[in-house]
Amino acid sequence: MEQNSQHLTDAERFFFDNNGYLVLESFLDSQTTAALRAAVERVIARRRDPGYTREQPTAFEDQVQGRNSRVFHLLDEDPVFLELLDYGPMRSYVHGLFNEMPHLHSTDASHEVEKAGYHGRGWHLDGIQDGFRNLKPHIPLLQFKVGYYLNDMSEPGQGNLTLVPGSHKALTEPDPADLQNPDLFPGALQVCGPPGTAFLFHNAVWHTAGPWTREAGERMVLYYGYEHPWMLACVEQWRYPKAFLNSLPEQYRCFFHGFVFEPPEFRWG
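None of the values given here were measured: they were computed from a predicted structure.

Can you help me understand the sheet that holds strand E8 (residues 207-209) in this one?
Within a beta sheet, neighbouring strands are joined by backbone hydrogen bonds and run either parallel or antiparallel to one another. Spatial strand order, E6-E5-E8: three strands in an open sheet with antiparallel pairing. Both outer strands of the open sheet, strand E6 (189-190) and E8, are each paired with one neighbouring strand and no more.

In structure tokens form, the structure reads like this:
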């Protein structure tokens, strides 16, 4: 995987701290983006096969019945997904904005080609227990989400990630009527960018897949979630085959708790 020389700047750190998100246009080169897109297409085709089975179920059920698709637990599907987990240029952002010892929280990919009921109306916070609401009024940064656009999302209206900048610091919740308004409410922002664009956001930022108004729209997005090494907020870590987990080199083993390996690794983090 070709690596760029991009790294976290003080200006980007200030922007993320205040707005709860950051957009890095054309962060992935065209070759890597194309490889990831092809890998996602292969995964979706496999998961759609009536004979597909897996050793353990995914944390959330794959959605592959209609024209739109969403699939989970990707790391063992293709080496390119594992490589992106610890992609050097993104490592600077994960370490600098979140934690120098990040653990895997989740992986998933979506490919959408038509409007669905959740577009513009799926507003939520990330995290278990209803988005860590028991930690309000100031929900801390517990999960760090990294997304990659694998197709051209330069124009809005095709399910673009839509969020409310700064809402991770809000003391009140949005008006329920606004959350059901597909035309979006004041302050909501659709994230746009060319293929390979990366975007990062805080778990407490209000966000949704945005409105779908483009007749020939398409969205292919790949997500990696990271959590602190002292957390275990998703079952994905231990629902990969043991053979896959035990085959991981140290570069990737450090993203998992020691108990998932055979024999278990007795270590902190």
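Having put the structure on the table, let's press on.
Just checking my understanding: could you explain the packing of aromatic side chains for this structure?
Working definition: an aromatic ring pair is given by the centre-to-centre distance plus the angle between the planes. Overall, the coordinates contain 15 aromatic pairs when judged by the stated rule. Here the aromatic rings of phenylalanine 15 and tyrosine 21 are separated by 5.3 Å at their centres, their planes lie at 75 degrees, and the arrangement is edge-to-face. Plain terms: the ring middles of phenylalanine 27 and tyrosine 93 are 6.0 Å apart, the flat faces sit at 80 degrees to each other, and that makes the pair edge-to-face. Here the residue phenylalanine 27 occupies a position in the loop between strand E1 (21-24) and helix H2 (30-48), and tyrosine 93 occupies one in helix H4 (residues 88-97), the gap between them amounting to 66 residues. The pair formed by phenylalanine 27 and tyrosine 93 is uniform in burial state, with each residue classed as buried. A network of ring pairs unites the aromatic residues Tyr149, Phe199, Phe201 and Tyr223 as a single cluster. The positively charged end of lysine 145 is found above the aromatic ring belonging to tyrosine 223, 5.1 Å away from the centroid.

Explain the sheet that holds E1 here, please?
One open sheet accounts for six strands, arranged E1-E7-E4-E9-E3-E2; its pairing is antiparallel. Every interior strand has two partners, whereas the edge strands, E1 and strand E2 (69-72), have only one. Taken pair by pair, the neighbouring strands of this sheet meet at an average axis angle of 15 degrees, ignoring direction. Here strand E3 (residues 103-112) pairs with strand E9 (residues 219-227) via nine bridges, running antiparallel. Note that in E9 the partner of aspartate 108 across the bridge is tyrosine 223. Each of E1, strand E4 (143-149) and strand E7 (198-202) is contacted by helix H1 (residues 10-19), which is oriented at about 135 degrees to E1, the strand it contacts most. Packing of H2 onto the sheet brings it into contact with E2, E3, E4 and E9, and relative to E2 it is tilted by some 95 degrees.

Calculation rules
- Residues numbered from 1 in each chain as written.
- Predicted model: local features only at pLDDT ≥ 70, side-chain atom pairs only at ≥ 80, totals over all residues.
- Heavy atoms only, no water.
- Pairing = 2+ DSSP bridges.
- Helix = DSSP H or I, 4+ residues; strand = E, 2+ residues; numbered from the N terminus.
- Phe/Tyr/Trp six-rings, centres within 6.5 Å; stacked < 30°, edge-to-face > 60°.
- Buried < 20%, exposed > 50% of the residue type's maximum accessible area, 1.4 Å probe, protein only.
- Lys NZ or Arg CZ within 6 Å of the ring centre and 35° of its normal.
- Axes fitted to C-alpha atoms, helices over the stretch in contact; angles between N-to-C directions.
- Contact = heavy atoms within 4.5 Å.

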